[in-house]
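The chain contents come next:
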2 protein chains.
Amino acid sequence: MDVPETGAPPTSELPGGRAQPKTDKSEATRALILETAMRLFQERGYEKTTMRAIAAEAGVSVGNAYYYFSAKEFLIQGFYDRMTYDHAADARLRMAGTRDFAERLEIALVSWLDTAAPYHEFSAQFFRTAADPNSSLSPFSNESHPARATAVALFREVLEGSELAPKLDAELVELLPDVLWLHLMVVVLYWVFDRTPDTERTREFVRRSTPVAARLINLSRYRVFRPIVRDAKGLIQDFILPTIGKTAVK
Amino acid sequence: MDVPETGAPPTSELPGGRAQPKTDKSEATRALILETAMRLFQERGYEKTTMRAIAAEAGVSVGNAYYYFSAKEFLIQGFYDRMTYDHAADARLRMAGTRDFAERLEIALVSWLDTAAPYHEFSAQFFRTAADPNSSLSPFSNESHPARATAVALFREVLEGSELAPKLDAELVELLPDVLWLHLMVVVLYWVFDRTPDTERTREFVRRSTPVAARLINLSRYRVFRPIVRDAKGLIQDFILPTIGKTAVK
DNA sequence: GCAAGGTTTTGAACGCGTTCGAAACCAGCG
DNA sequence: CGCTGGTTTCGAACGCGTTCAAAACCTTGC
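Residues numbered from 1 in each chain as written. Chains lettered and ligands numbered in written order. Predicted model: local features only at pLDDT ≥ 70, side-chain atom pairs only at ≥ 80, totals over all residues. Heavy atoms only, no water.

Re the pattern of salt bridges
As a reminder, the rule being used: When a carboxyl oxygen of Asp or Glu lies within 4 Å of a side-chain nitrogen of Lys or Arg, that pair is called a salt bridge. A run of H or I in DSSP becomes a helix once it reaches four residues, and a run of E becomes a strand once it reaches two; helices and strands are each numbered from the N terminus. To sort residues, take the accessible area from a 1.4 Å probe on protein chains only and compare it with the maximum for the residue type: under 20% means buried, over 50% means exposed, and anything in between is partly exposed.
Under the criterion given, the structure shown has 32 salt bridges over all chains. A salt bridge links Asp114(B) to Arg203(B); its shortest N-O distance comes to 2.9 Å. Taken together, the residues Asp114(B) in helix H5 (residues 101–116) and Arg203(B) in helix H9 (residues 200–219) connect sequence positions 89 residues apart. Residue class for Asp114(B) comes out partly exposed when judged on its relative accessible area of 30%. Judged by relative accessible area, Arg203(B) falls into the buried class, the value being 12%. Three or more residues joined by partner-sharing salt bridges are found here, namely Asp90(A), Arg94(A), Asp114(A), Asp198(A) and Arg203(A).

Here we look at the packing of helix H6 (residues 123–130) of chain A against helix H8 (residues 170–193) of chain A
All names here are of chain A. What counts here: Under this scheme, a helix contributes an axis fitted over its contacting stretch, all axes are lines through C-alpha atoms, and angles between N-to-C directions fall in the 0 to 180 degree range. Here roughly perpendicular refers to angles of 65 to 115 degrees, roughly parallel to angles under 35, roughly antiparallel to angles over 145, and oblique to all remaining angles. Here a crossing is taken to be left-handed if its near helix is turned anticlockwise relative to the far helix by less than a right angle, and right-handed if that turn runs clockwise. Here, residues are in contact when the closest pair of their heavy atoms is within 4.5 Å. Under the convention adopted here, Pro, Cys and the residues Ala, Val, Leu, Ile, Met, Phe, Trp and Tyr are nonpolar, Asp, Glu, Lys and Arg are charged, and Gly plus all remaining residues are polar.
Their axes nearest at 10 Å, the elements H6 and H8 cross at an angle of 135°. When the axis of H6 is compared with that of H8, the two are oblique. For the crossing formed where H6 meets H8, the hand is left-handed. Note on element contacts: H8 touches H6 through Leu189, Trp191, Val192 and Phe193, opposite Ser123, Ala124 and Phe127. Its residues assigned to classes, the contact of H6 with H8 comprises six nonpolar, one polar and no charged.

Focus: the interface of chain B and chain A
Defined as follows: Two parts placed together each lose some accessible area; with a 1.4 Å probe, that loss summed over both constitutes the buried area. We define a polar contact as two N or O atoms separated by no more than 3.5 Å, with the added condition that, inside protein, one atom must be a possible hydrogen donor and the other a possible acceptor, whereas residues neighbouring each other in sequence contribute only through side-chain atom pairs.
Counting residues at the interface gives 36 residues for chain B and 36 residues for chain A. Between chain B and chain A, roughly 3,300 Å² of surface is buried when both sides are summed, and carbon and sulfur atoms account for 64% of that area. The largest per-residue losses of area from chain B upon contact with chain A belong to Arg128(B), Phe193(B) and Phe239(B), which jointly make up 23% of the total buried on that side. Linking chain B with chain A are six salt bridges. Summed over the shared surface of chain B and chain A, the number is twelve residue pairs in polar contact (both at pLDDT 80 or more). Of all the secondary structure elements, the ones that give two or more residues to the side of chain B that touches chain A are helix H6 (123–130), helix H8 (170–193), H9 and helix H10 (226–240) of chain B. Here the side of chain B that touches chain A takes nine residues from H9(B), the largest share from any one element.

Notes on the environment of Lys233(B)
All names here are of chain B. Take lysine 233: it is sitting in helix H10. Put simply, lysine 233 and lysine 167 are 66 residues apart on the chain and 17 Å apart in space, counted from C-alpha to C-alpha. With sequence-adjacent residues up to four places away left out, lysine 233 is seen in contact with Asp169, Glu171, Leu172 and Leu175.

Quick word on the nonpolar core
Quick note on the threshold: Nonpolar core, defined: a set of buried Ala, Val, Leu, Ile, Met, Phe, Trp, Tyr and Cys residues in which side-chain atoms within 4.5 Å join the residues together.
Counting residues in hydrophobic clusters, the biggest one holds 145 residues, and the most contacted among them are Leu75(A), Phe101(A), Phe155(A), Leu75(B), Phe101(B) and Phe155(B). The biggest single contributor to this core is H8(B), with 14 residues. Excluding residues that lie within four positions of it along the chain, Phe155(B) makes contacts with Leu105(B), Ala108(B), Leu109(B), Pro177(B), Leu180(B), Trp181(B) and Leu184(B). Residues Val229(A), Phe225(B), Ile228(B) and Val229(B) belong to the second largest nonpolar core, which totals six residues.

Concerning the relation of the copies chain B and chain A
As a reminder, the rule being used: Here the copies are matched by least squares. The fit uses the C-alpha atoms of residues with pLDDT of at least 70 in both.
Aligned on chain A, chain B shows an RMSD of 0.1 Å; the corresponding rotation is 180° and the shift along the axis is 0.0 Å. What the superposition gives is, in effect, a two-fold axis relating one chain to the other. Across chain B, the smallest distance between a C-alpha and the rotation axis is recorded for Arg128(B), namely 2.7 Å. Take the interface residues of chain B: 100% of them recur as interface residues in chain A, which is what a same-surface contact looks like.

Here we look at the protein's contact with DNA strand D
In plain terms, the rule: Distances are taken per atom, and a residue is near a molecule or strand as soon as one of its heavy atoms is within 4 Å of it.
Taken together, 20 residues lie near DNA strand D, and Arg52(A), Tyr66(A), Lys72(A), Tyr67(B) and Tyr68(B) sit nearest. In the interface set of DNA strand D, defined as its atoms within 4 Å of the protein, sugar plus phosphate atoms amount to 63%. Side-chain polar atom of Lys72(A) to a phosphate oxygen of DNA strand D: 2.7 Å apart, as the coordinates give it. In the environment of DNA strand D, a phosphate oxygen lies 3.0 Å from a nitrogen or oxygen atom belonging to the side chain of Asn64(B). Of all the secondary structure elements, the ones that give two or more residues to the surface near DNA strand D are helix H2 (51–58) and helix H3 (62–68) of chain A together with helix H1 (24–44) and helix H3 (62–68) of chain B. Considering every element that reaches the surface near DNA strand D, the biggest residue donor is H3(B), with four residues. Taken together, the residues that form the surface near DNA strand D break down as seven nonpolar, eight polar and five charged.

This is the structure:
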């Protein structure tokens with residue numbers, strides 16, 4: 001079995017990142033701008049942070065900021081990439097000693113909530129961006145979104161490191177990582193709208209929903225469910241995976 | 001049984017609509033601006049249509065447009081309300097003679113696709129707005145969103161007009177309309193990202209997924225599934241409905 | 001050392017959404 | 001009729017994201 005790349009240290013960029021860094025100094029400027037932006041986003045929120053402020057605070061001109069990030073949106077991207085990378089690392093650590101699938105899944109999701117917690121306030125922006133099919137930042141429409149690849153790889157580990165995986169239909173094991181990633185997206189959706197302190201409600205949602213999900217997957221092994229599992233697999237293969245950029249495996 | 005209000009003719013407005021119309025002339029101006037905006041949105045798309053253009057085309061000043069719609073966003077709202085209303089009317093007509101649940105559900109969803117078809121190009125905007133938890137336009141976060149009430153009422157009819165409803169657990173019948181509305185939201189999500197001509201892919205998705213959904217609901221009647229159905233009901237009651245503005249029924 | 005060509009940086013300028021103080025309009029009342 | 005208080009309309013002005021032509025800087029080859 002091939003281990004997919006788990007995501008490079010968050011330096012890579014999409015179209016918005018302009019030409020690849022030619023010099024060290026250039027790379028430094030780029031990093032400086034991103035750091036500054038991230039700090040200001042956290043301090044004042046996304047809308048309130050103006051490009052002029054970022055440039056001023058970083059000690060460069062606005063034009064220069066745009067030289068590295070062709071739109072304000074693309075500053076989000078850097079941020080999001082890094083978070084995904086941190087999440088995967090943290091989740092791997094936390095679930096290292098656990099073999100139970102439901103537990104592993106819950107650990108992975110809770111780890112996401114913890115990693116994302118500091119950014120909950122302006123997470124709405126991430127989400128708005130993700131929801132725009134015209135934006136190349138959207139993890140749904142952009143087939144080569146590095147953050148998605150990283151996350152899907154993580155969920156593959158969640159599954160394959162569990163005692164459940166060997167008992168399952170191989171085809172299903174192939175599909176599940178993407179489905180679990182979608183599950184995370186649902187949790188994220190819930191989280192974004194969650195206004196309870198420490199997003200306690202989302203945490204409870206995760207606690208309650210993971211066992212149900214695990215149970216459902218487990219049930220798929222029994223004969224009675226063959227037909228409905230076949231249908232579900234068909235739906236996923238034909239309609240979900242192609243949309244998020246996997247070509248259907250024949 | 002009580003028939004919920006199916007949505008007033010799309011005149012009502014949320015906070016962005018400013019004070020209620022005092023005079024006929026005022027109401028006329030308001031309508032003129034909305035009509036003009038909708039026409040231009042369709043002609044050139046949302047981003048390309050500037051407030052200045054809307055005002056000019058409508059023969060009023062920008063300031064005046066803002067007097068009636070406190071932000072460009074709120075013009076979307078009028079649009080969306082009307083579409084939802086049209087959809088409900090059309091779907092009712094189409095499914096009048098059908099009792100089979102799966103068929104009724106498919107009719108309702110296809111009707112939505114047909115109603116929304118002319119606006120597919122700039123639908124991304126609706127969606128972005130809906131995805132913003134801070135916006136009062138979001139059908140998720142805004143508890144009294146008229147469009148959602150209309151749509152949920154429609155799905156209640158989809159279910160209760162079918163031969164399936166009487167056979168189901170009463171509690172489940174109470175929950176399902178909202179779940180079906182969520183199903184529509186998923187379809188909308190899919191549709192927004194769908195780039196195939198005439199959104200053929202989404203249409204196929206609907207054709208394929210409605211029977212599966214119907215089958216799942218139907219299965220819930222059998223004894224074997226009691227525990228998992230109970231779990232699912234719990235999740236919906238405790239985590240989904242409260243979020244979209246229903247107080248849990250004790 | 002210098003010219004050529006690329007990379008990086010600059011800041012003024014543009015277009016847009018939005019705001020706001022003031023004008024115009026329109027009752028109803030004395 | 002004129003005054004008064006509310007409603008409606010106006011358009012200049014503000015702040016922000018973004019663009020762009022030109023400048024500054026930095027190699028590299030001669």
